[in-house]
Amino acid sequence: MMDLGLLKTLVAVVDEGSFTRAAQRVHRTQSTVSQQIRRLEDDVGRQLLMRDRSGVNVTPTRHGELLAQYARKLLAISMEAVDAMENDARVSTVRVGLPEDIDARRMADMLSRFVQTHGDIRLDIVAGMSTDLRERLSAGDLELALVKREPGQGDALMAWPETLVWAMAANADTDALAHAPAPLALFPQGCIYRQRAIRCLDAAQRPWRMAFGSHSLAGIQAAVSSGLGVSVLPETVLLSDHRICDALPPPPPAEIALVEGGAPPSAPRRALADFLAATVGETLGLTVA
């Protein structure tokens, strides 16, 4: 493996065309520079430099020019690695949780704006059901989280009410739904939308059956679009091929809350919290509670 220090000396000599000027550039004595070049020539088994008759000016041989080209690349990569390590030491990480039953595309676009304007903050994003996110906040695994919950359920930095509706395919037969168990497309246990759907139907003594399950909002939206099932969703995420189903009892609203962990807030965490508090409502089409 080649010594980067020797390669740096070679580049200096090639650039300066002189051992004397190269020695000044690398802050070494001329004799040390000459010794380093000899060591490098011994390592590669090739003559790398030639002196003119005066012994003052130096030019690279064919092998010297070739090695100097590679030396420049290796030295540039080395500096890039050093810069990356130094920059990484200045970057702070904030661990934030997002519910899986949220509009991931809108949230990703929003968070990318934060990252672009806060180059010294890195986001470590964890997706999960709101119940899991709250547990991870309590355990100290997360610093901030957006969670779906019952309105007013505990403290929050900011909260936004969500109007929930029954969503069905635009071309679905409402009459058929009224005379058969409702086919449900639902998120897993722990999702407030799932709880709203089942409790609404049970309270109205309406029969239902599970038709489809998914952890992601996109999966539930696709199931509704295809007519595979109906689901309780925020009105703001209905697609063009969805419509509101009035044949089922209306679900009560839910809430999206920005909550934080118990550790003392750092400056990066406060910056992200302020950004989320100011932008989540607009991003998801919600109003402040």
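You'll find the structure just up there.
Let me begin by describing the structure that accompanies this report.

Rules used throughout
- Here the residue index of a chain counts from 1 through its sequence in written order.
- Side-chain atom pairs in this predicted model are given and counted only at pLDDT of 80 or more, local residue features only at pLDDT of at least 70, and totals for whole chains, interfaces and linings cover all residues.
- For the side-chain quantities, the full set of heavy atoms in the structure was used; hydrogens and water were omitted.
- Classification of residues uses two cut-offs on accessible area relative to the type maximum, computed with a 1.4 Å probe and protein chains only: under 20% is buried, over 50% is exposed, and between them is partly exposed.
- Note on conventions: DSSP H or I runs of at least 4 residues are helices, E runs of at least 2 residues are strands, and numbering of each starts at the N terminus.
- Should DSSP find at least two bridges between two strands, the strands are taken to pair.
- Definition of nonpolar core: a set of buried residues of the types Ala, Val, Leu, Ile, Met, Phe, Trp, Tyr and Cys, connected through side-chain atoms within 4.5 Å.
- We call two residues in contact whenever any of their non-hydrogen atoms come within 4.5 Å of each other.
- Axes here mean lines fitted to C-alpha atoms, for a helix over just the part in contact, with angles spanning 0 to 180 degrees between N-to-C directions.
- Small angles under 35 degrees read as roughly parallel and large ones over 145 as roughly antiparallel, with 65 to 115 read as roughly perpendicular and the rest as oblique.
- Whether a crossing is left-handed or right-handed is set by the direction in which the near helix is turned from the far one by less than a right angle, anticlockwise for left-handed and clockwise for right-handed.
- Put simply, Ala, Val, Leu, Ile, Met, Phe, Trp, Tyr, Cys and Pro go in the nonpolar bin, Asp, Glu, Lys and Arg in the charged bin, and everything else, Gly too, in the polar bin.
- Note on handedness: a crossover is taken as right-handed if, strands pointing away from the viewer, the path from the first strand over the helix to the second is clockwise.
- Any pair of N or O atoms that falls within 3.5 Å is considered a polar contact. Within protein, one atom must be able to donate a hydrogen and the other to accept it, and sequence-neighbouring residues count only if both atoms are side-chain atoms.
- By definition, a salt bridge exists where a carboxyl oxygen of Asp or Glu is found within 4 Å of a side-chain nitrogen of Lys or Arg.

Moving on: the pairing of strand β10 (residues 231-234). The side chains of a regular strand alternate between both faces of the sheet. Burial of the side chains of β10 extends over both faces: Ser 231 and Leu 233 are buried on one face and Val 232 and Pro 234 on the other. Where strand β7 (residues 164-169) and β10 come together, four bridges link them in antiparallel fashion. Among the inter-strand pairings, Trp 166 is bridged to a residue of β10, identified as Val 232.

Attention now goes to the nonpolar core. Ranked by internal contacts, the top residues of the largest apolar core, which has 29 residues, are Trp 166 and Phe 187. Going through the elements one at a time, β7, β8 (182-186), α8 (192-203), α9 (217-225) and β10 are the ones with two or more residues in this core. At six residues, α8 tops the list of elements feeding residues into this core. Excluding residues that lie within four positions of it along the chain, Phe 187 makes contacts with Asp 101, Met 129, Tyr 193, Arg 194, Ser 214, His 215, Ser 216, Leu 217, Ile 220 and Leu 233. Counting residues in hydrophobic clusters, the runner-up holds 22 residues, among them Met 107, Leu 146, Trp 160 and Val 280.

Moving on, we come to the packing of helix α1 (residues 4-16) against helix α2 (residues 19-26). Closest axis-to-axis distance for the α1/α2 pair is 8 Å, and the angle between their directions is 130°. When the axis of α1 is compared with that of α2, the two are oblique. At the point where α1 passes α2, the crossing takes the right-handed sense. Every residue of α2 that contacts α1 at Lys 8, Val 11, Ala 12, Val 13, Asp 15 and Glu 16 is listed here: Phe 19, Arg 21, Ala 22, Arg 25 and Val 26. Broken down by class, the residue content of the contact of α1 with α2 amounts to six nonpolar, no polar and five charged.

What follows concerns the sheet that holds β10. In space, the three strands of this open sheet follow the order β10-β7-β11, with antiparallel pairing throughout. Whereas interior strands pair on both sides, the edge strands pair on one side only; in this sheet they are β10 and β11 (242-244). Averaged over all neighbouring strand pairs, the angle between strand axes comes to 55°, with direction disregarded.

This next bit is on the pairing of strand β9 (residues 208-213). Relative to β9, β8 runs parallel, the two sharing five bridges. Bridge pairing links Ala 185 to Phe 212 in β9. In this region the chain leaves β8, passes through α8 and returns to the parallel neighbour β9; the handedness of that crossover is right-handed.

On to the environment of Val 232. With respect to the secondary-structure elements, Val 232 resides in strand β10. For Val 232 and Trp 166, which are 66 residues apart along the polypeptide, the C-alpha to C-alpha distance reads 4.6 Å. If we ignore the near neighbours within four places in the chain, the residues touching Val 232 are Leu 164, Val 165, Trp 166, Tyr 193, Arg 196, Ala 197 and Pro 251.

Turning to α9, a few remarks are in order. Of all nine residues in α9, seven are buried; the element is thus mostly enclosed. Within α9 the residues assigned to the buried category are Leu 217, Gly 219, Ile 220, Gln 221, Ala 223, Val 224 and Ser 225. Where α9 is buried, its residues touch β7, β8, β9, β10 and β11. Positive backbone phi, at 85°, marks Gly 227, one or two positions downstream of α9.

Its place among the elements puts Asp 103 in the loop between β3 (92-99) and α5 (104-117). Side chain to side chain, Asp 103 and Arg 106 meet in a polar contact 3.2 Å long. Discounting residues that sit within four places of it in the chain, Asp 103 has contacts with Leu 217 and Leu 284.

Turning next to the pattern of salt bridges. Under the defined criterion, the tally for this structure stands at 12 salt bridges. Close ionic contact of Arg 149 with Glu 255 constitutes a salt bridge, the shortest N to O distance being 2.8 Å. With Arg 149 in strand β5 (residues 144-149) and Glu 255 in strand β12 (residues 254-260), this residue pair connects regions lying 106 residues apart in the sequence. With respect to burial, Arg 149 and Glu 255 carry one shared label: buried. What you see here is one network of salt bridges that share partners, running through Asp 15, Glu 16, Arg 21, Arg 25 and Arg 72.

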